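# Descriptive analysis of the structure
Here is what each chain is made of, one letter per residue.
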Amino acid sequence: IAGGEAMNENKFLNTDSSTGSAETTIKPLPFKDPNFIHSGIGGAAAGKKNRTWKNLKQILASERALPWQLNDPSYFNIDAPPSFKPAKKYSDISGLPANYTDPQSKLRFSTIEEFAYIRMLPSDVVTGYLALRKATSIVS
């Protein structure tokens, strides 16, 4: 510990070998700008300005005035490239995340109770559930 303390003191202690005396001068830290003046002097809330939120209509109007290129993204074209993550699968009955698929009806389910409910469903209801999910699978 004593060696570490001596090292910390050497940061701020400047020994002048010509006079032989130790003078205490504080060296400026290299990552701090000595000419920096903080704009929010006078308390924490003094530098904050009251900002008003813009709604979508105002944002779109301000974007129309800017010189955009054709391929630049904006709120008009919020098209995104396809995701690399697999699509999440949800239960056709409850809407909960589904880890299982019924091999007969191709309906997704998350619990044993839902599986028993799916097996009791008539085929027209099963096709209705598949149509809701937009799964074009023919139940046989």
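In this text the structure is predicted, and so the values were computed from the model without any measurement. (Residues numbered from 1 in each chain as written. Predicted model: local features only at pLDDT ≥ 70, side-chain atom pairs only at ≥ 80, totals over all residues. Heavy atoms only, no water.)

## Describing the overall build of the protein
Secondary structure summary: the protein contains 4 helices and 4 strands in total. Expressed as a percentage of its 140 residues, the buried residues of the protein come to 14%. Within the protein, contacts between residues at least 6 apart in sequence are counted, and of these 16% link residues at least 24 apart. (Helix = DSSP H or I, 4+ residues; strand = E, 2+ residues; numbered from the N terminus. Buried < 20%, exposed > 50% of the residue type's maximum accessible area, 1.4 Å probe, protein only. Contact = heavy atoms within 4.5 Å.)

## Topic: the side chain of Asp102
Turning to its location among the elements, Asp102 is positioned in the loop between strand 3 (100–101) and strand 4 (108–109). For Asp102, a relative accessible area of 1% puts it in the buried group. Non-local contacts of Asp102, meaning those with residues more than four positions away in its chain, are made with Leu107, Phe109, Phe115, Ile118 and Arg119.

## Considerations on the pattern of salt bridges
In total, this model carries 2 salt bridges according to the counting rule given. Close ionic contact of Arg133 with Asp92 constitutes a salt bridge, the shortest N to O distance being 3.1 Å. Remark: Asp92 occurs in the loop between helix 2 (56–65) and strand 3 and Arg133 occurs in the segment after helix 4 (123–132); sequence separation between them is 41 residues. Arg133 sits in the partly exposed class, given a relative accessible area of 24%. (Salt bridge = Lys/Arg side-chain N within 4 Å of Asp/Glu carboxyl O.)

## Considerations on the nonpolar core
Counting 7 residues, the largest nonpolar core consists of Leu107, Phe109, Ile118, Leu121, Val126, Tyr129 and Leu130. The dominant element in this core, judged by the number of residues it contributes, is helix 4, at 3 residues. The residues contacting Leu121, other than those within four sequence positions of it, are Ile93, Leu107, Val126 and Tyr129. (Core = buried A, V, L, I, M, F, W, Y, C linked by side-chain atoms within 4.5 Å.)

## With respect to the packing of aromatic side chains
Throughout the structure, instances matching the rule amount to 2 aromatic pairs. Here the aromatic rings of Phe109 and Phe115 are separated by 5.0 Å at their centres, their planes lie at 40°, and the arrangement is tilted. Exposure remark for Phe109: the relative accessible area of 9% places this residue in the buried category. Here the aromatic residues Tyr100, Phe109 and Phe115 are joined through ring pairs into a cluster of three or more. (Phe/Tyr/Trp six-rings, centres within 6.5 Å; stacked < 30°, edge-to-face > 60°.)

## Observations concerning the UniProt feature "domain: Vps72/YL1 C-terminal" (unreviewed entry) in the protein
The UniProt record annotates "domain: Vps72/YL1 C-terminal" (unreviewed entry) at residues 89–118. The span residues 89–118 is 23% helix and 13% strand, and its two end C-alpha atoms sit 17 Å from each other. (UniProt positions renumbered as here; feature names shortened; annotations may be inferred.)

## Quick look at the environment of Lys88
Checked against the element boundaries, Lys88 lands in the loop between helix 2 and strand 3. Taking relative accessible area as the criterion, Lys88 reaches 68% and is therefore assigned exposed. Taking C-alpha positions, Lys88 is 9.7 Å from Asn99, a pair spaced 11 residues apart along the chain.

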